[in-house]
Amino acid sequence: MTFSPETPQSAEPAIETSHTEEFVEQLRCVADTLPSRINVDPQSVEQGLAKLVLTLIEFIRRLLEKQAIRRMEGGDLSPQQIEDLGLALMKLEAKLNELKTQFGLEDEDLNIDLGPVGRLI
Amino acid sequence: MLNSYLYCVAHEDPNFKDELSGLDGRGVEVLNHDALFVVASKFDGEMVPVTRENVLQHEAIVRTTFSTTTVLPFRFGCLVTTSGLRSYLTIRERALLERLAHVRDCVEMSVKIIWQNSSENEDSGCVVPNLDEAGAGTAFLMLKRQELLGSDRVEQEARELEAWLGAGLRDIVRQEQITIEPKQRLVLSASYLVERARLTDYRRELGRLQAERTNLHFLSSGPWPPYTFANIDLEFGTHFGVS
Amino acid sequence: MSSTFDQVIVGGDVEALEESELSLLETLDHVLNRGLVIAGEITISVADVDLIFVGLNVLVSSVETANEVLGSREARALGSTASGESPTISNER
């Protein structure tokens, strides 16, 4: 493969916006969610694991919620079934919040970027 | 074992006029392997700290190379052993040359959009059931349903934004990559691979689009070396961290 | 507790002008790959739950991305080259 000569002459990137402050604020949020390298000490490893597990559960919980709503709208559930389903999901949400608090994790900590699917939360 | 810190790949020797200093104050070297040239520097340690200095240094070296020739940039934090690099270059030689041809004569331009998204808590106009009569569980599901409808709408609006931007710029750029995050204020982040010859067209079209939607806040930046369109470091674990 | 970003810029100048802060943030956005692959790998490399998390990524990512990621990983695992030699790519982790 041969390349004919080119002269790139690229300039230093310019950044243009009329809303510097806003973008700084938003981009800072993104930078703040950069994954930290978890150190070997036992405390952090446990938290890292908790974060992973809770993220997975949270992901599934949201899918469950969506599916429940879909079925509710579909009209093939009895009022009692809807009520039971709702109560169960409500308790699941509460329990998960409890666990988050227990491990000192905020919503943002579980807010992993799922690429094309977007962010979890 | 001493690692090499990688900056970028090129198809010809960049022939730096001056000695460049890389991360950790190590000298920047150009390694040659068949038709490929890799800009790298020696690095002590297993992890590259994400600091202002390191980030800017990485960008500066990639950009300096980019001013002399076509490059495929590595993302920040690529560490590799000499043998690892050699194997990689051997296996991937053709793919890398193809990619270099793909980004030839091009720069990366970025657009980010912030919106004032107020539709989340609006009355969606749907029939809200009488929550007093429903049990707690049913009420819970009803509220979640409202939320879901709201977020569906927001997602639709975000996709519409993506389509609108694409419609304007697609014919001008060689490649695009757009990410949308409907729930965030920074709703859209786009990167475009633009031929240098078409930069004027690109800027004019972008200006036109911005004027069309004054309720949106835009940030445009560039030209950048084609970080987004290189994707050459998927095989390397990147070793950066913030502790 | 300072934010992650503060740790990045605090090494230098805390009172950086907003413009140069924006410039750094934009640069950061380009030199770092914000994909889940990176996030997942760093998070789990210590917790040692590798496969499950990567599995989640592949599960929810687009087919294109999954092939890209899987393809490169398979190539590394199989260790085959055009010339038939086995490369010695060491696992950097």
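Calculation criteria
Residues numbered from 1 in each chain as written. Chains lettered and ligands numbered in written order. Predicted model: local features only at pLDDT ≥ 70, side-chain atom pairs only at ≥ 80, totals over all residues. Helix = DSSP H or I, 4+ residues; strand = E, 2+ residues; numbered from the N terminus. Buried ≥ 20, exposed ≤ 12 C-beta atoms within 10 Å, placed from the backbone. Pairing = 2+ DSSP bridges. Axes fitted to C-alpha atoms, helices over the stretch in contact; angles between N-to-C directions. Left-handed = near helix turned anticlockwise from the far one by under 90°. Contact = placed C-beta atoms within 7 Å. Nonpolar A, V, L, I, M, F, W, Y, C, P; charged D, E, K, R; others polar. Parallel < 35°, antiparallel > 145°, perpendicular 65-115°, else oblique. Core = buried A, V, L, I, M, F, W, Y, C linked by C-beta atoms within 7 Å. pLDDT = per-residue confidence, 0-100. Expected span 1.5 Å × (residues − 1). Bend = angle between axes of the 7 residues up to and from the residue.

### Overview of the overall build of chain A
Per the secondary structure count, chain A includes three helices and one strand. Element order for chain A, N to C, with α for helix and β for strand: β-α-α-α. With 121 residues in all, chain A has 20% of them scored as buried.

### Re the overall build of chain C
Helix and strand counts for chain C come out as five helices and zero strands. Reading the secondary structure of chain C in the N-to-C direction produces α-α-α-α-α. For chain C, buried positions account for 33% of its 93 residues.

### Some remarks on the pairing of strand 3 (residues 36-43) of chain B
All names here are of chain B. Burial analysis of strand 3 places seven of its eight residues in the buried class, which makes it a mostly covered element. Here strand 1 (residues 3-10) runs beside strand 3; their pairing, made up of seven bridges, is antiparallel. From the neighbouring strand, Val9 faces strand 3, where its bridge partner is Val38. Pairing analysis gives six bridges linking strand 2 (residues 28-33) to strand 3, with the strands arranged antiparallel. Its bridge partner being in strand 3, Val28 is matched across the sheet by Ser41. A loop of two residues connects strand 2 with strand 3, the two strands running antiparallel in sequence, and Asp34 in this loop sits at a positive phi of about 55 degrees.

### Thoughts on the sheet that holds strand 10 (residues 217-224) of chain B
Judged by pairing direction, the sheet is antiparallel, and its five strands sit side by side in the order 1(A)-10(B)-7(B)-9(B)-8(B) without closing on themselves. In the strand order of this sheet, the two ends are held by strand 1 (14-17) of chain A together with strand 8 (175-180) of chain B, each with one partner. The average angle at which neighbouring strand axes cross in this sheet is 10 degrees, direction not considered. Here four bridges tie strand 1 of chain A to strand 10 of chain B, and the two strands are oriented antiparallel to one another. Bridge pairing links A:Glu16 to B:Ser220 in strand 10 of chain B.

### Description of the packing of helix 3 (residues 136-169) of chain B against helix 4 (residues 199-212) of chain B
All names here are of chain B. It is the contact of helix 3 with helix 4, at a shortest axis distance of 9 Å, that shows an interaxial angle of 145 degrees. Along this stretch, helix 3 crosses helix 4, giving a crossing that reads as right-handed. Contact residues: helix 3 offers Leu165, Gly168 and Leu169, while helix 4 offers Tyr202, Glu205 and Leu209. Grouping the constituent residues of the contact of helix 3 with helix 4 by class yields four nonpolar, one polar and one charged.

### Side note on the environment of B:Gly84
In this fold, B:Gly84 is placed in helix 2 (residues 82-103). Remark: the alpha-carbon pair of B:Gly84 and B:Thr51, spanning 33 residues in sequence, is separated by 26 Å.

### Quick notes on the packing of helix 3 (residues 79-102) of chain A against helix 3 of chain B
Two elements in contact, helix 3 of chain A and helix 3 of chain B, have axes separated by 6 Å at closest approach and are oriented at 75 degrees. Here helix 3 of chain A lies roughly perpendicular to helix 3 of chain B, going by the angle between them. Contacts between helix 3 of chain A and helix 3 of chain B involve A:Ile82, A:Glu83, A:Asp84, A:Leu85, A:Gly86, A:Leu87, A:Leu89 and A:Met90 from the first element and B:Ala136, B:Gly137, B:Thr138, B:Phe140 and B:Leu141 from the second. The residue makeup of the contact of helix 3 of chain A with helix 3 of chain B, split by class, is eight nonpolar, three polar and two charged.

### A closer look at the nonpolar core
Ranked by size, the top nonpolar core spans 70 residues in total, and within it B:Cys8, B:Val9 and B:Leu72 carry the most contacts. For this core, the element with the most residues is helix 2 of chain B, which contributes seven residues. Among the nonpolar cores identified, the runner-up in size contains six residues, and A:Ile69, A:Ile82, B:Phe140 and B:Leu141 belong to it.

### Remarks on the confidence of the model for chain C
Residue and element names in this part refer to chain C. The share of residues in chain C with pLDDT of 70 or more is 15%, and the mean pLDDT across the chain is 48. For chain C, helix 4 (residues 50-60) is the element with the lowest average pLDDT, namely 33, and helix 2 (residues 18-31) is the one with the highest, namely 84. Here residues 35-67 scores under 50 on pLDDT; set against residues more than four positions off or in separate chains, the count is 51 contacts. Low pLDDT, under 50, characterises residues 75-93; the stretch is placed with 26 contacts to residues that sit more than four places away or in other chains. Interface confidence for the predicted complex, expressed as ipTM, amounts to 0.81; the pTM equals 0.72.

### Brief notes about the environment of B:Tyr7
All names here are of chain B. The topology assignment puts Tyr7 in strand 1. Residue class for Tyr7 comes out buried when judged on the 30 C-beta atoms lying within 10 Å of it. For the pair Tyr7 and Phe76, spaced 69 residues apart in the sequence, the C-alpha separation amounts to 7.8 Å.

### Focus: unusual backbone geometry
Residue and element names in this part refer to chain B. Cis geometry marks the peptide bond from Gly222 to Pro223, where omega comes out at -5 degrees. Looking at the secondary structure, you find Pro223 in strand 10. Of note in the backbone geometry, Asp105 takes a positive phi value of approximately 65 degrees without being a glycine. With 15 C-beta atoms packed within 10 Å, Asp105 lands in the partly exposed category.

### Comments concerning helix 2 of chain B
Residue and element names in this part refer to chain B. Here helix 2 spans only 26 Å end to end across 22 residues, well under the 32 Å set by a 1.5 Å rise per residue. Of all the bends in helix 2, the largest measures some 70 degrees and sits at Arg92. Taken together, the buried positions of helix 2 are Gly84, Leu85, Ser87, Tyr88, Leu89, Ile91, Leu96, Leu100 and Val103. Directly beyond the C-terminal end of helix 2, a positive phi value near 65 degrees is found at Asp105.

### Details of the environment of A:Glu83
Relative to the assigned elements, A:Glu83 resides in helix 3. Residues A:Glu83 and A:Phe103 lie 20 residues apart in sequence; the distance between their C-alpha atoms is 31 Å. If we ignore the near neighbours within four places in the chain, the residues touching A:Glu83 are B:Gly135, B:Gly137 and B:Thr138.

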